[in-house]
Amino acid sequence: MKFIETELQGLYIIEPRVFEDNRGLFFESFNERVFQEYTGIECDFVQDNHSYSTYGVLRGLHFQKGEHMQAKLVRTISGKVLDIVVDIRKESPTYGKSFSVELSAENRKQLFVPKGFAHGFVVLSDSAEFVYKCDTFYHPASESGIIYNDEQLALDWKVPEKDLIVSDKDLELPKFEEISLETC
Ligand SMILES: Cc1cn([C@H]2C[C@H](O)[C@@H](COP(=O)(O)OP(=O)(O)O[C@H]3O[C@H](C)C(=O)[C@H](O)[C@H]3O)O2)c(=O)[nH]c1=O
């Protein structure tokens, strides 16, 4: 398992060690001992999520506020997505900075997203199955987010606007400048 720390503190790309033989392949998709050894981060995941989406579906940018903030370990088990996170940790030197990475069944890459990030993805393939671990439970009352086309963030989702499929709820998300006034 390879851990690549990004320029945003605590945000890691993880590449599993794949064992292939004449039957197919095997890899450990998560190992707490290895994770803690390489990142030094204690993370007790309590909930697994799974979403299926077709091409152009954009889910996010989402986060839960305050004590319900979630760290996530995300990966794509079929198809390909562009995953984007934004650092919303007020004290962070990279506050407001974003990071994107393609996560696919083929590259088997995972992204560990620490607490304090807004997270979203858009589907680049015909469809995608996206699974992820969270270290705190879903708490709808604490849900917030940032509108995907926020002008200040100017995120490149790589899918033409005309092809994007965004939920009504996500179309109502606040701008980045607004969430900076919220208690995160
Ligand atoms: C997130 C969540 C949702 N739900 C229910 C609530 C809704 O009735 C339905 C769909 O929820 P939502 O539209 O919020 O699903 P996504 O748009 O995929 O939300 C996720 O999208 C981005 C990519 C994230 O990083 C978050 O983990 C998460 O917010 O599932 C639950 O029952 N439990 C949950 O943990």
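Residues numbered from 1 in each chain as written. Predicted model: local features only at pLDDT ≥ 70, side-chain atom pairs only at ≥ 80, totals over all residues. Heavy atoms only, no water.

### A closer look at the pattern of salt bridges
At step 1: Tallied over the full model, the rule gives nine salt bridges.
At step 2: Across the pair E143 and K169 runs a salt bridge, and its minimum N-O distance is 3.5 Å. Residue E143 is found in strand β13 (residues 143-145), and its partner K169 is found in helix α2 (residues 168-171); the two are separated by 26 residues along the sequence.
At step 3: The closest approach of N and O atoms between K162 and D163, which form a salt bridge, is 3.0 Å. (Salt bridge = Lys/Arg side-chain N within 4 Å of Asp/Glu carboxyl O. Helix = DSSP H or I, 4+ residues; strand = E, 2+ residues; numbered from the N terminus.)

### A word on the site of the ligand
At step 1: As a structural note, the neighbourhood of the ligand is formed by Q47, N49, R59, H62, K72, H119, F121, Y132, Y138, E143 and K169.
At step 2: Here an oxygen atom of the ligand and a side-chain polar atom of H62 are 2.7 Å apart.
At step 3: K72 places a polar side-chain atom, nitrogen or oxygen, 2.9 Å from an oxygen atom of the ligand.
At step 4: Alone, the ligand offers 660 Å² of accessible surface; in the complex the protein occludes 66% of this.
At step 5: Elements supplying a minimum of two residues to the shell around the ligand: β5 (47-54), β6 (58-64) and β11 (117-123).
At step 6: Residues belonging to the shell around the ligand are distributed by class as follows: three nonpolar, four polar and four charged. (Near = heavy atom within 4 Å. Polar contact = N/O pair within 3.5 Å; in protein donor to acceptor, adjacent residues only side chain to side chain. Areas by Shrake-Rupley, 256 points an atom, 1.4 Å probe, with all protein chains shown as cover. Nonpolar A, V, L, I, M, F, W, Y, C, P; charged D, E, K, R; others polar.)

Read these as layout, nothing more, since geometry by itself doesn't imply function.
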